[in-house]
Amino acid sequence: MSEALRIPELTDGENETLNKLLVRLEQKSKRNLLRSSYYDGRRAVKQIGTVIPPQYAKLGTALGWSAKGVDGLARRCTLEKMVWPEGDISSLGMRELEDSNFLRTEISQGITDSLLHGVSYLITTQGDVAAGEPAALVHAKDALNAIGDWNVRTRKLDNLLSITARDEDDVTGFILYLPNLIISAEKNGAVWTTSRATHTWGVPVEPLVYGPRSGRRMGRSRITRAVMSTQDAALRALVRLEAHMDIYAIPKFILLGADESIFKNADGSAKSSWQVALGRSFGIPDDDDAANPRADVKQFSAESPEPHLAQLNALAKLMARELDLSDSDFALTDMANPTAADTFSEAEKSLLAAAESATDDWSVAIRRTVTRALAMQKGLAAVPAEWSGIDTKWRDPKFISRAAAADAGAKQLSVVPWLAETEVGLELLGLDEQQVKRAMADKRRAAGRAVVAALTPAAATQDNVNSA
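We now turn to the structure provided with this report.

To continue, consider the side chain of T125. The residue T125 is located in strand β2 (residues 119-126) in this model. The class of T125 is buried, set by a relative accessible area of 15%.

Rendered as structure tokens:
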């Protein structure tokens, strides 16, 4: 464990909170780093037995199954936009907030980190406009560099420690979020310098939690122990396959009645193993004094690598079941024919259910973050009560074609025809946000031209009456 920090500018209570959070962060770092190594493909294969030469274990074989499990669900959980049915969210500066913070990209990163480590954090702070920063800043922070205390009664964080700089394993910079107080600290040499900022936002941090339960409020990683175990087994199988293919690719010969001289160079040194293995012909002289004057060569067929492939295929299907993905996402064989649409839809149901459950869990945190950021951006001291209707709109987790979406929308509009004249109706027909806005703008312009055209004859008639 690292040594406790003692920063003179912090009170005893603040130092205690800081060190308590540092200890917990370090305790959880080992498992979080392990899962990150699986996701990044940097997990080294473990001992695979005594019959495989060690050089094969050092090939650096990588497998992206764990990353596919995380990204496969993350791609189904896309925040399309924020909506405000009771008002115009654009008038609140939503576009400015999105563009200045790359907001949807930031939230997408937080979602991936949440699936990877079980929890990530969205931090909202006021920016320094004079220094060129946006009026409100939204940052995503992963569980490797942030941790806080969750209050089960208030359903909020009591505090958060965000690590901003490290020197190897030592923390050299951090931000401590306390109720209505932000403490920033940076280490220069052996001296800590701190700054404090007060505000009215409590602890302006919201956790994005994946798969929470009452005994594990901060969620769980999508890279479970079963996923890690299966990937380890698949890596071992790949190494065994790599070693076997070197043997399988070259026929096996047994030479009877000859000495080792044919495997030596002209200077008497032994030929390299690759020269022997790839040699197509050898001159073997007869030895009339030997019991068998002429050497005899026997050839044996190499064993097929099919058992290795079969094991990999079985592990791939096991991984697919664990991650609620289809066999086609992992399987190496048995995929000669396209998967039937109904079969694929059946396999997709578990993934869609997981996506809908995850977005339900994340929606509150994102809603709180966005409304707080909009209020900060407008210079308010609190989120107005009338903004409570602002909510998230997620993209449909099921990938469907535009034609299918339009067909389904047309059937719904046939039941409620007046919806066709609204933005909601155009969305049901499969139009994206930009197309909806362009269509509604064109409709307004057309209506305006119609009004002008209707008024023009009336105005001309009135002019004729007046002149008469």
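From this point, things continue past the structure.
For the rest of this paragraph, the subject is the packing of helix α3 (residues 65-74) against helix α5 (residues 103-117). One way to put it is that α3 packs onto α5 with a least axis distance of 10 Å and a crossing angle of 135 degrees. For the element pair α3 / α5, the angle class is oblique. As α3 packs across α5, the resulting crossing turns out to be right-handed. Counting all contacts with α3, which are made through V70, D71, L73 and A74, the residues of α5 involved are T112, L115 and L116.

A few words on the pairing of strand β12 (residues 391-394). Covered by surrounding structure in β12 are T392 and W394 only, the residues D391 and K393 on the alternate face being uncovered. With four bridges joining them, strand β1 (residues 79-83) and β12 adopt antiparallel strand pairing. Looking across to β12, one finds that M82 is bridged to T392.

A grouping of E3, E26, D167, E168, D169 and D170 is seen on the molecular surface, where their side chains present a negatively charged patch. Inspection of the secondary structure puts D167 in strand β5 (residues 156-167).

Turning our eyes to something else, we now look at the sheet that holds strand β4 (residues 146-151). Spatially, five strands are ordered β4-β5-β6-β7-β8 in an open sheet, and the strand pairing comes out antiparallel. Bordering the open sheet on either side are β4 and β8 (191-198), each of which pairs with just one other strand. For this sheet, the mean inter-axis angle between neighbouring strands, taken without regard to orientation, is 15 degrees. Direction of pairing for strand β6 (residues 170-178) relative to strand β7 (residues 181-188): antiparallel, over a ladder of six bridges. Looking at β7, one finds that G173 is bridged to E186.

A few words on the pattern of salt bridges. Proximity of charged atoms lets side chains of opposite charge pair with each other. For the coordinates displayed, the defined rule picks out 12 salt bridges. Across the pair K20 and D149 runs a salt bridge, and its minimum N-O distance is 2.7 Å. Of the two residues, K20 sits in helix α1 (residues 12-39) while D149 sits in strand β4, which places them 129 residues apart along the sequence. You can call D149 buried: its relative accessible area is 15%. For R104, the salt bridge identified is with E98, shortest N-O distance 3.9 Å. Where salt bridges share partners, they join K20, R24 and D149 into one cluster.

Criteria and thresholds
Residues numbered from 1 in each chain as written. Predicted model: local features only at pLDDT ≥ 70, side-chain atom pairs only at ≥ 80, totals over all residues. Heavy atoms only, no water. Helix = DSSP H or I, 4+ residues; strand = E, 2+ residues; numbered from the N terminus. Buried < 20%, exposed > 50% of the residue type's maximum accessible area, 1.4 Å probe, protein only. Axes fitted to C-alpha atoms, helices over the stretch in contact; angles between N-to-C directions. Parallel < 35°, antiparallel > 145°, perpendicular 65-115°, else oblique. Left-handed = near helix turned anticlockwise from the far one by under 90°. Contact = heavy atoms within 4.5 Å. Pairing = 2+ DSSP bridges. Patch = residues over 30% accessible without salt bridge, like charges linked within 9 Å, V, L, I, M, F, W, Y side chains within 5 Å. Areas by Shrake-Rupley, 256 points an atom, 1.4 Å probe, with all protein chains shown as cover. Salt bridge = Lys/Arg side-chain N within 4 Å of Asp/Glu carboxyl O. Lys, Arg positive; Asp, Glu negative; His and termini not counted. Charge placed at Lys NZ, Arg CZ, Asp CG, Glu CD.

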